[in-house]
Amino acid sequence: MNEGHADDAEEAEPRRGLPEAPEEVRDPWKGLRGVMAGTLVLEFIVFGLALPVVWQLGSGASSVGFAVVVVLTVLQLFAAFVQRRRWGLGAALVLQLCMIGCFLVHPAIGIMGLIFAGVWGYMLYLRHDVAKRMREGRLADQLGHPPGHPPQR
């Protein structure tokens, strides 16, 4: 089977427990995934710029710790490109936990991980709120459409 077809099939599967937007309505999940991917790119930049500073100032970081943070930082960039996959959000959240765990490498890295974890907590709240509004037919793009939208059940 061609890999491109497998990717299409995976994208076509509905996400667990999340409502789907009608075809005539813009997909709010696409926008939210874009925000999540953008946040991961921002994290990649922030952690990448912080690494030389942590290496030079204060007690610094060990070579192994530095390498771990570099690998996790690069994985954040990779995770930005897989947010459309069903497992993309889970991968991003696991990376957040790993970055918080890097507090053992250097406290500044762990604190930055906590700050970004707060951002991800807010995005999860937004995800929950969008799903709730979609189920209730109160999502902004669902209002003002011709009769029959949102579908009455």
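Shown above is the structure to which this text applies.
Described in the following lines is the structure provided in the data block. Throughout this document, residue positions are counted from 1 along each chain, in the order its sequence is written. Residues qualify for local features only when their pLDDT is at least 70, as the model is predicted, and side-chain atom pairs are given and counted only at 80 or more; totals for whole chains, interfaces and linings, by contrast, use all residues. Calculation of side-chain values draws on the structure's entire complement of heavy atoms; hydrogens and water are dropped beforehand.

On to the overall build of the chain, then. In terms of regular secondary structure, the chain is built from 5 helices and 0 strands. Secondary structure elements are defined from DSSP: runs of H or I of at least 4 residues count as helices, runs of E of at least 2 residues count as strands, and each element is numbered from the N terminus. Moving toward the C terminus, one meets the helices and strands of the chain in the order α-α-α-α-α. With a 1.4 Å probe rolled over the protein chains alone, any residue whose accessible area is under 20% of its type maximum counts as buried; one over 50% counts as exposed, and the rest are partly exposed. In the chain, buried positions account for 33% of the 153 residues. Of the roughly 9500 Å² of accessible surface on the chain, 65% is carried by carbon and sulfur atoms. Computed by Shrake-Rupley with a 1.4 Å probe, the accessible areas treat only the displayed protein chains as cover when residues are assessed.

A pairing counts as a salt bridge when a side-chain nitrogen of Lys or Arg comes within 4 Å of a carboxyl oxygen of Asp or Glu. Counted according to the given criterion, the structure contains 1 salt bridge. Ionic pairing is found between Asp-129 and Arg-133, a salt bridge with its closest N-O pair at 2.9 Å. Taken together, the residues span about one helical turn, with Asp-129 and Arg-133 both in helix 5 (residues 107-136) at a distance of 4 residues. Owing to a relative accessible area of 17%, Asp-129 belongs among the buried residues under this scheme.

Moving on to a nonpolar patch on the surface. Each patch is assembled from residues with relative accessible area greater than 30% and no salt bridge, linking like charges that lie within 9 Å and nonpolar side chains (Val, Leu, Ile, Met, Phe, Trp, Tyr) that lie within 5 Å. Among the surface-exposed residues, Val-71, Leu-75, Phe-78 and Trp-87 lie close enough to one another that they form a single nonpolar patch of about 390 Å² accessible area. Of note, Val-71 is situated in helix 3 (residues 63-80). With relative accessibility at 49%, the residue Val-71 sits in the partly exposed group.

Attention now moves to helix 2 (residues 28-56). The terminal C-alpha atoms of helix 2 lie 43 Å apart, and with 29 residues this matches the ideal 42 Å at 1.5 Å per residue to within 8%. What we call the bend at a residue is the angle made by axes fitted to the seven residues finishing there and the seven residues starting there. Of all the bends in helix 2, the greatest reaches close to 25 degrees and is centred on Ala-50; the proline Pro-52 follows between one and four positions later. Residue count minus one, scaled by 1.5 Å, sets the expected span of a helix.

Now for the nonpolar core. Residues Ile-109 and Trp-120 are the most contacted members of the largest nonpolar core, which totals 26 residues. Examining the composition of this core, we find that 9 residues originate from one element, helix 2, more than from any other. Any two residues whose heavy atoms approach within 4.5 Å at even a single point are treated as in contact. Excluding anything up to four places from it in sequence, Ile-109 contacts Phe-47, Leu-51, Val-54, Val-69, Met-99 and Cys-102. Residues belong to a common nonpolar core when they are buried Ala, Val, Leu, Ile, Met, Phe, Trp, Tyr or Cys residues joined through side-chain atoms within 4.5 Å.

On the secondary structure map, Glu-43 appears in helix 2. Counted as positive: Lys and Arg. Counted as negative: Asp and Glu, with His and the chain ends omitted from the count. The side chain of Glu-43 sits in the buried core without any salt bridge; Arg-127 is the nearest counter-charge, 15 Å away. Setting aside anything within four residues of it in sequence, one finds Glu-43 in contact with Gly-48, Gln-76, Gln-96, Phe-116 and Trp-120.

Right, let's talk about the packing of helix 2 against helix 5 for a bit. Axis definition: a line fitted to C-alpha atoms, limited for helices to the stretch in contact. Angles are taken between N-to-C directions and run from 0 to 180 degrees. It is the contact of helix 2 with helix 5, at a shortest axis distance of 11 Å, that shows an interaxial angle of 175 degrees. Regarding the angle of helix 2 to helix 5, the classification is roughly antiparallel. Polar here means any residue other than Ala, Val, Leu, Ile, Met, Phe, Trp, Tyr, Cys and Pro, which are nonpolar, and Asp, Glu, Lys and Arg, which are charged; Gly is therefore polar. Class assignment for the residues of the contact of helix 2 with helix 5 results in 23 nonpolar, 2 polar and 2 charged. Working definition: roughly parallel below 35 degrees, roughly antiparallel above 145 degrees, roughly perpendicular at 65 to 115 degrees, and oblique for all remaining angles.

What follows is about the environment of Ser-62. The residue Ser-62 is located in the loop between helix 2 and helix 3 in this model. Between the alpha carbons of Ser-62 and Val-105 there is a distance of 7.3 Å; along the sequence they are 43 residues apart.

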